[in-house]
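One letter stands for each residue in the lines below.
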Amino acid sequence: MSKKILILPGDGIGPEIVNEAVKVLHCLRDDFGLEVELTDGLVGGAAYDAHGHPLPEQTVALARASDAVLLGAVGGAKWEPLPIAVRPEKGLLGLRAELGLFANLRPAILYPQLASASTLRPEVVSGLDILIVRELTGGIYFGQPRGVETLDSGERRGFNTLVYTESEIERILRVAFDSAMRRDKRVCSVDKANVLECTELWREVAMRVGQDYPEVELSHMYVDNAAMQLVRAPKQFDVMVTTNMFGDILSDCAAMLTGSIGMLPSASLNASGQGMYEPIHGSAPDIAGKGVANPLATILSTSMMLRYSLNAAEQAERVDAAVSTVLEQGLRTADIAADGDRRVGTAEMGDAVVAALRAGL
Ligand SMILES: NC(=O)C1=CN([C@@H]2O[C@H](COP(=O)(O)OP(=O)(O)OC[C@H]3O[C@@H](n4cnc5c(N)ncnc54)[C@H](O)[C@@H]3O)[C@@H](O)[C@H]2O)C=CC1
Ligand SMILES: CC(C)CC(=O)C(=O)O
Ligand SMILES: [Mg+2]
């Protein structure tokens, strides 16, 4: 039976990069027998402009009725004056919450062809293969109370709340341990247990869950050290598991180990295997509309979708191989280009991936 995919391009470079991933899906459908039905929807600033809300009801309904969602990115200067409650980013957070997408998998893998694209020395990053498991529907991005209040003195005070229940911690830890069982069997749980009670609880639950996985080596690291270690010696990590905000920050950091934030895909999964797939980067307003954004993170997110939500691992391998091929051919968008490389734009990169797919027929 045909699988339903909801396409949410969003804002900024979102439509440009999603367009290239859709070309890949069309190619798999038309040339490789992938049974998919694509539907378009609105989220973020684009949805606000059309409906006055960044996450319209019809988008939520479409997402619920889909097997998977492919999202570009949301946000931009145009919507920054709006109250936080209706900003584009709230549309994305709302969708994650509505679908219960608590498990965010962010693999940071260095393609050997890009060893010199990283700002770190090739020997520091070559062979890099880390999986960051980020909790996605809890923590300080969702905690209550939140807001800005005016004190009796007239001064304003802003506040957000970091909150996790034991069950929220346990389920994301289990995702990390299960992932590690399929990898190098090492989990590093990242927290700030020396300062924050909430993450002291996180560490305690991590140790308890770890007892169910005797084959997996569990370590703990404070987030400040983890950020430093990611840059100092990233290959020491196999699976890193952490809170919503720490994972957000550490994954941008890990992206640069692979050459560019334009290379990092992600899968956000709920308990029933339904998923949303998006590059880890944002809407990149500085390069939007110029046709220069790197579409590979979005194309690789499509590959994760094939693997995790569409039960089509063989098709995912085709996409991964096609991405390797275009990198081998020396094609580079500006963010991963060095002297001597063949510079291409967003559409040319997408077309090259499709050509590589077809050549592999
Ligand atoms: N998942 C999402 O939709 C996210 C949305 N945002 C939103 O995006 C907007 C911009 O945020 P920033 O902090 O600037 O982060 P960003 O990730 O959009 O951009 C950071 C830098 O990376 C570059 N970059 C990002 N993606 C790229 C790609 N595919 N190819 C080449 N270069 C790329 C940008 O040009 C920029 O210089 C904001 O409105 C923010 O709230 C930020 C992060 C995630
Ligand atoms: C709206 C933000 C929380 C999105 C983001 O930065 C991310 O998920 O990486
Ligand atoms: Mg982020």
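Residues numbered from 1 in each chain as written. Chains lettered and ligands numbered in written order. Predicted model: local features only at pLDDT ≥ 70, side-chain atom pairs only at ≥ 80, totals over all residues.

Per an unreviewed UniProt entry, the recorded name for the chain is 3-isopropylmalate dehydrogenase, and the organism is Thiohalocapsa marina. Looking at the Pathway (unreviewed entry) heading of the UniProt record, one finds this comment for the chain: "Amino-acid biosynthesis; L-leucine biosynthesis; L-leucine from 3-methyl-2-oxobutanoate: step 3/4." (UniProt positions renumbered as here; feature names shortened; annotations may be inferred.)

### Some words on the overall build of the chain
Across its full length, the chain holds 12 helices and 14 strands. Judged by the C-alpha coordinates and their principal axes, the chain covers about 65 × 50 × 45 Å. Per-residue burial over the chain gives 48% buried out of 361 residues. Within the chain, contacts between residues separated by at least 24 positions form 73% of all contacts whose residues are at least 6 apart in sequence. (Helix = DSSP H or I, 4+ residues; strand = E, 2+ residues; numbered from the N terminus. Buried ≥ 20, exposed ≤ 12 C-beta atoms within 10 Å, placed from the backbone. Contact = placed C-beta atoms within 7 Å.)

### Notes on the packing of helix 6 (residues 166-181) against helix 7 (residues 197-210)
The interhelical angle for the contact between helix 6 and helix 7, taken along N-to-C directions, is 50°, at an axis separation of 9 Å. In this view, helix 6 runs oblique relative to helix 7, as classed from their interaxial angle. Note on packing geometry: the crossing formed by helix 6 with helix 7 is right-handed. In contact with Glu 166, Ile 169, Glu 170, Leu 173, Arg 174 and Phe 177 of helix 6, helix 7 contributes Leu 201, Trp 202, Val 205, Ala 206 and Val 209. A class-by-class count of the residues in the contact of helix 6 with helix 7 yields 8 nonpolar, no polar and 3 charged. (Axes fitted to C-alpha atoms, helices over the stretch in contact; angles between N-to-C directions. Parallel < 35°, antiparallel > 145°, perpendicular 65-115°, else oblique. Left-handed = near helix turned anticlockwise from the far one by under 90°. Nonpolar A, V, L, I, M, F, W, Y, C, P; charged D, E, K, R; others polar.)

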